[in-house]
Amino acid sequence: MPGDRPTSEKTLMIACGALANETLLLIERNGWDFMDVTCLPANFHNYPDRIPAAMRAKIRDAREKGYGNVVALFADCGTGGTLDAVLEEEGVDRIPGAHCYEFYSGSAAFNALAEEEIGTFYLTDFLARHFDRLIIEGLGIDRHPELKDMYFNHYKRLVYLAQVEDADLDSRAEAAAEKLGLEYRRVFTGLDPYQQFMARYAPPAAS
């Protein structure tokens, strides 16, 4: 039973709240009962200066609770290297990449997309699901429609990086592109790069 393991035998994954569903899905799918998850708020992406201190607090709390290992399921996320400085000081690994778009798709595939069209706005499953709240309402476009052109004037297309096959999310992502007046493209990433990183912290018998 997951709860039967002592904390010292467990790994705590400190994830961005935007990755919570995918992280829990992979833990359940792989039977990784040695992994626990805690999250920082997803809206910290709008306040990246808050991420490093919040991450340090989570790490230290985990160590006080006796976790045998602590891992950050976080990209740089706009912290300009300050998150990496905290993680180095605390001796904690993180998933490679500047943002979740890169580690979901893999660096090579993401770089190819970026080179193909630099003016690309990206969605993940999380962003497709919460597009209106995070983008339309979060940026004030619902109240001031003229802001749409100010924010997105230099974008040419929207690329939906899909983690799962879900017709409802596909429709939401396509609708998001229409609302922003952008060309639409869907790229299925799955969860393989993300899963491969998490699997590095599985005991040999569980990997």
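Structure's up top.
Residues numbered from 1 in each chain as written. Predicted model: local features only at pLDDT ≥ 70, side-chain atom pairs only at ≥ 80, totals over all residues. Heavy atoms only, no water.

Peer 1: Please provide a residue-by-residue account of the overall build of the protein, values included.
Peer 2: The helix and strand inventory of the protein stands at 10 helices and 7 strands. A compact globule built from 207 residues would reach a C-alpha radius of gyration of about 17 Å, and the protein, at 18 Å, matches this within 12%. C-alpha atoms of the protein, sized along the principal axes, occupy 55 × 35 × 30 Å. Split into buried and exposed, the 207 residues of the protein put 45% on the buried side. Contacts in the protein between residues at least 24 apart in sequence constitute 69% of all its contacts with a sequence separation of at least 6. Approximately 10,600 Å² of the protein is accessible, and the part contributed by carbon and sulfur atoms is 49%. (Helix = DSSP H or I, 4+ residues; strand = E, 2+ residues; numbered from the N terminus. Rg over C-alpha atoms; globule rule 2.2 N^0.38 Å. Buried < 20%, exposed > 50% of the residue type's maximum accessible area, 1.4 Å probe, protein only. Contact = heavy atoms within 4.5 Å. Areas by Shrake-Rupley, 256 points an atom, 1.4 Å probe, with all protein chains shown as cover.)

Peer 1: So what's going on with the sheet that holds strand E4 (residues 93-94)? Residues and values would help.
Peer 2: Pairing in this open sheet of 4 strands is parallel, and the strands run E2-E1-E3-E4 from one edge to the other. Each having just a single partner strand, strand E2 (35-40) and E4 make up the two edges of the open sheet. Here 6 bridges tie strand E1 (residues 11-16) to E2, and the two strands are oriented parallel to one another. Its bridge partner being in E2, cysteine 16 is matched across the sheet by leucine 40. Of the strands in this sheet, E1, E2 and strand E3 (69-73) are in contact with helix H2 (residues 51-64), which crosses E2 at around 150°. (Pairing = 2+ DSSP bridges. Axes fitted to C-alpha atoms, helices over the stretch in contact; angles between N-to-C directions.)

Peer 1: Quick one: what's the story with the pattern of salt bridges, residue by residue and with numbers?
Peer 2: One pass over the structure, following the stated rule, counts 14 salt bridges. For the salt bridge of glutamate 89 with arginine 56, the shortest nitrogen-to-oxygen distance reads 2.8 Å. Taken together, the residues glutamate 89 in helix H3 (residues 82-90) and arginine 56 in helix H2 connect sequence positions 33 residues apart. One salt-bridge network, held together by shared partners, links Arg56, Arg60, Arg63, Glu89 and Glu90. (Salt bridge = Lys/Arg side-chain N within 4 Å of Asp/Glu carboxyl O.)

Peer 1: Just give me the short version of the packing of aromatic side chains, but keep the residues and values in it.
Peer 2: Summed over the entire model, instances satisfying the criterion amount to 11 aromatic pairs. Relative to phenylalanine 34, the ring of tryptophan 32 lies with its centre 6.5 Å away and its plane at 50°, an arrangement referred to as tilted. For the pair phenylalanine 103 and tyrosine 104, a centre-to-centre distance of 5.5 Å together with 65° between the ring planes defines the contact as edge-to-face. Arginine 50 extends its terminal NZ or CZ atom over the ring of tyrosine 47, reaching a point 4.1 Å from the ring centre. (Phe/Tyr/Trp six-rings, centres within 6.5 Å; stacked < 30°, edge-to-face > 60°. Lys NZ or Arg CZ within 6 Å of the ring centre and 35° of its normal.)

Peer 1: Lay out the state of the cysteines with the relevant residues and their values.
Peer 2: One covalent bond between the sulfur atoms of two cysteine residues makes up a disulfide. The full count for this structure, using the stated rule, is 0 disulfides. A disulfide-free cysteine, cysteine 16 has its sulfur positioned 5.9 Å from the sulfur of cysteine 77, the nearest such atom. Assessed through its relative accessible area of 2%, cysteine 16 is described here as buried. Unpaired in terms of disulfides, cysteine 100 finds its nearest cysteine sulfur in cysteine 77, a separation of 6.6 Å. (Disulfide = S-S within 2.5 Å.)

Peer 1: Run through the pairing of E1, naming residues and quoting values.
Peer 2: With 6 of its 6 residues buried, E1 lies for the most part within the structure. Running through helix H1 (residues 20-30), the crossover from E1 to the neighbouring parallel element E2 is right-handed. Alignment of E1 against E3, held across 5 bridges, turns out to be parallel. Its bridge partner lying in E3, alanine 15 is registered against leucine 73. (Right-handed = clockwise from strand over helix to strand, strands pointing away.)

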